[in-house]
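# Observations on chain architecture
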Amino acid sequence: MSIWVLGEDLLLDHPEMTEPMVLTLAEEGRWVTEADHPEIPEPALTPDEAVLAWAGDCDQEDLPRLIGQSHVAMAGSVMDMTLRMLPVDMDTIYAILEIEGAAQGQYAVARRVVWLNRAGE
């Protein structure tokens, strides 16, 4: 995955993406990962815990929170993809990937917490 600035845009790209995703500052409330379902496990670290572990004693809403939206082809359907990114230090980004849509007649929402670490300049 690559992240770079092109003109006024912050872009994210991956070899499997059809086009780069534009990242913008998130204008959302506090990000939470709690699920109201007994079979869905909680992530190892919530956004608030990630901020405390890496960025120190501050609030997640005090850090730049980025969001990008795109579409992904899965199971013969096109689904909406949202990536919420929280840079917690100069080399580490905590992210929540969400894919939502219908495939093969079934509606699905998939969420995954991921860590992005700097691999090079």
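Computed from a predicted structure; not experimentally measured.

## A closer look at the sheet that holds strand β7 (residues 106-117)
The strand order across the open sheet formed by seven strands is β1-β2-β3-β4-β5-β6-β7, and the pairing between neighbours is antiparallel. Each end of this open sheet is capped by a strand with a single partner; those strands are β1 (2-6) and β7. Between one strand and the next, the sheet's axes are offset by a mean angle of 25°, whatever the strand orientation. Taken together, the 12 bridges between strand β6 (residues 92-103) and β7 define a ladder with antiparallel strand orientation. Across the sheet, Ala-102 pairs through a bridge with Tyr-107, a residue of β7.

## What about the pattern of salt bridges?
Where charged atoms from two side chains of opposite charge come close, those side chains can pair. In total, this model carries three salt bridges according to the counting rule given. The shortest N-O distance in the salt bridge between Asp-91 and Arg-118 comes to 2.7 Å. Residue Asp-91 is located in the loop between β5 (77-89) and β6, and its partner Arg-118 is located in the segment after β7; the two are separated by 27 residues in the primary sequence.

## Concerning the nonpolar core
With 12 residues, the main nonpolar core is built from Leu-12, Met-21, Leu-23, Leu-66, Met-79, Met-81, Leu-83, Met-85, Ile-93, Ala-95, Ile-99 and Ala-103. Only β3 (21-25), β5 and β6 provide two or more residues apiece to this core. In contact with Ala-95, other than residues within four places in its own chain, are Leu-83, Arg-84, Met-85, Arg-112, Val-113 and Val-114. Counting residues in each nonpolar core, the second largest holds 10 residues, with Val-51, Leu-86, Val-88 and Ile-96 among its members.

## Some thoughts on the side chain of Ser-70
Structurally, the position occupied by Ser-70 is in strand β4 (residues 66-74). Taking relative accessible area as the criterion, Ser-70 reaches 16% and is therefore assigned buried. Residues contacting Ser-70, with those up to four places away along its chain left out, are Met-21, Met-79, Asp-80 and Met-81.

## Some words on the layout of surface pockets
Of the pockets and cavities examined, the largest pocket occupies roughly 610 Å³. Along its surface, the largest pocket is lined by 19 residues, and Ile-3, Met-90, Asp-91, Ile-93 and Arg-118 are the ones closest to its centre. Breaking the lining of the largest pocket down by element, the ones donating at least two residues are β1, β5, β6 and β7. Ranked by residues supplied to the lining of the largest pocket, first place goes to β5 with four residues. Split by residue class, the lining of the largest pocket holds 11 nonpolar, four polar and four charged.

Thresholds applied
- Residues numbered from 1 in each chain as written.
- Predicted model: local features only at pLDDT ≥ 70, side-chain atom pairs only at ≥ 80, totals over all residues.
- Heavy atoms only, no water.
- Pairing = 2+ DSSP bridges.
- Helix = DSSP H or I, 4+ residues; strand = E, 2+ residues; numbered from the N terminus.
- Axes fitted to C-alpha atoms, helices over the stretch in contact; angles between N-to-C directions.
- Salt bridge = Lys/Arg side-chain N within 4 Å of Asp/Glu carboxyl O.
- Core = buried A, V, L, I, M, F, W, Y, C linked by side-chain atoms within 4.5 Å.
- Buried < 20%, exposed > 50% of the residue type's maximum accessible area, 1.4 Å probe, protein only.
- Contact = heavy atoms within 4.5 Å.
- 1 Å grid on protein atoms, 1.4 Å probe; cavity = no way out; pocket = protein on both sides within 12 Å on 5 of 7 lines; lining within 4 Å.
- Points joined across faces, edges and corners; volume = space filled by probe spheres on them.
- Nonpolar A, V, L, I, M, F, W, Y, C, P; charged D, E, K, R; others polar.

The analysis is restricted to geometry; functional conclusions fall outside its scope.
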